[in-house]
Amino acid sequence: MKQVRQAARREDKNKRRLLIFRNTEQLIGFLFFIMIIFISIWVVQSFKNWMDDPEQMVLSQLTLSGEHTYTTEDDLRKAILGLGLPNTYIGQDVNDIQQEVMRFPWVKQTSIRKQWPDRLIVYVEEYKPVLYWNDLFLLDKNGNVFSVPLDRIATLQLPRLYGPEGKAKPALEIYYKLENLSKKLANNQLALHIKAAITDERNAWQLMVEQCVSGTCFENQEMKLLLGSENIENRYQQFIKLFPEIQLRVPENERITVADLRYENGISVQKEKMVQ
């Protein structure tokens with residue numbers, strides 16, 4: 001009798017379990033669902049551990065984009081390596097890299113972004129040079145002073161501007177006015193091209209100009225124009241207008257080397273014989 005009662009109790013327990021799950025398939029499905037949850041948790045945790053592992057997802061690919069002429073990928077690699085060993089995709093702070101790239105004096109602005117899974121994209125915009133400044137530096141159109149390694153600008157041909165330190169922007173403004181006069185008063189037969197401009201602490205100006213006829217400029221035959229510190233634009237404009245007449249009075253075997261425009265009435269010129 002005791003064995004019969006025990007068997008009855010076991011059967012009663014089984015019936016209660018079946019009350020929760022209507023059939024065996026539902027029980028198996030529930031167990032499978034629980035198993036999927038545990039597997040998903042394990043996968044997510046494993047993936048997180050993999051992402052946080054310094055040995056994984058190192059930023060190893062580099063792309064340089066934007067308006068750049070003087071920046072190289074090698075420059076960027078050196079800047080990044082200067083921060084230490086390359087970091088992981090998640091761990092790398094792009095602001096640190098941005099600050100390093102902005103240390104290049106020719107870089108105007110930059111932005112850094114990461115691209116999954118291991119690429120770093122660096123956008124660079126550089127200053128665009130329009131003039132040499134005191135031979136050692138360059139100027140952009142807004143008067144910003146910057147420098148570029150000399151080997152990268154060895155073939156760069158630009159006019160030269162010389163002036164006191166810290167006076168680049170006001171000097172550039174006057175240079176533009178004088179250059180615009182050259183273009184405005186030029187004609188198909190004759191034009192004067194400014195190769196160099198010099199100003200000092202007293203704002204006294206000198207120009208080195210070359211004569212261009214029908215689009216062809218006579219190199220190594222520059223003229224020095226002494227403009228002084230007053231009425232600079234008017235004096236240069238007057239010289240441009242009078243130059244054809246002055247040139248007619250110069251013998252064919254001579255050329256003007258210096259023109260002093262600082263006189264109130266008239267212009268003084270110096271000449272030399274041309275080398276045959």
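Our subject in this report is the structure included herewith. Owing to the predicted nature of the structure, the values given are computational and were not obtained by experimental measurement. (Residues numbered from 1 in each chain as written. Predicted model: local features only at pLDDT ≥ 70, side-chain atom pairs only at ≥ 80, totals over all residues. Heavy atoms only, no water.)

## Details of the packing of aromatic side chains
For any pair of aromatic rings, the description rests on two quantities: the centre-to-centre distance and the angle between the ring planes.
Link 1 in the chain: Taken as a whole, this structure holds four aromatic pairs when the rule is applied.
Link 2 in the chain: Their ring planes at 25° and their centres at 5.2 Å tell us that tyrosine 127 and phenylalanine 146 sit as a pair that is stacked. With a gap of 19 residues between them, tyrosine 127 in the loop between strand 3 (119–126) and strand 4 (131–133) and phenylalanine 146 in strand 6 (residues 145–146) connect regions that are remote in the sequence. Comparing tyrosine 127 with phenylalanine 146 shows no difference in burial state: the two are buried.
Link 3 in the chain: Arranged with centres 5.4 Å apart and planes meeting at 45°, the rings of phenylalanine 239 and phenylalanine 243 form a pair that is tilted. Here phenylalanine 239 and its partner phenylalanine 243 are both found in helix 6 (residues 232–248), four residues apart, which amounts to about one turn of the helix. Considered together, phenylalanine 239 and phenylalanine 243 belong to a single accessibility category, that of buried residues.
Link 4 in the chain: The lysine or arginine in question, arginine 160, covers the ring of tyrosine 132, its NZ or CZ lying 4.1 Å from the ring centre. (Phe/Tyr/Trp six-rings, centres within 6.5 Å; stacked < 30°, edge-to-face > 60°. Helix = DSSP H or I, 4+ residues; strand = E, 2+ residues; numbered from the N terminus. Buried < 20%, exposed > 50% of the residue type's maximum accessible area, 1.4 Å probe, protein only. Lys NZ or Arg CZ within 6 Å of the ring centre and 35° of its normal.)

## Digging into the environment of asparagine 253
Link 1 in the chain: When you line up the elements, asparagine 253 lands in the loop between helix 6 and strand 12 (254–260).
Link 2 in the chain: A relative accessible area of 31% places asparagine 253 in the partly exposed class.
Link 3 in the chain: For the pair asparagine 253 and valine 275, spaced 22 residues apart in the sequence, the C-alpha separation amounts to 8.2 Å.

## What about the side chain of glutamine 211?
Link 1 in the chain: Mapped onto the elements, glutamine 211 comes out in strand 9 (residues 205–213).
Link 2 in the chain: Accessibility expressed as a relative area gives 17% for glutamine 211, which makes it buried.
Link 3 in the chain: Polar contacts involving the side chain of glutamine 211 include one to the side chain of glutamine 247, which spans 3.3 Å.
Link 4 in the chain: Each residue touching glutamine 211, except ones within four places of it in the same chain, is listed here: Leu190, Ala191, Leu192, Thr216, Cys217, Phe218, Phe243 and Gln247. (Polar contact = N/O pair within 3.5 Å; in protein donor to acceptor, adjacent residues only side chain to side chain. Contact = heavy atoms within 4.5 Å.)

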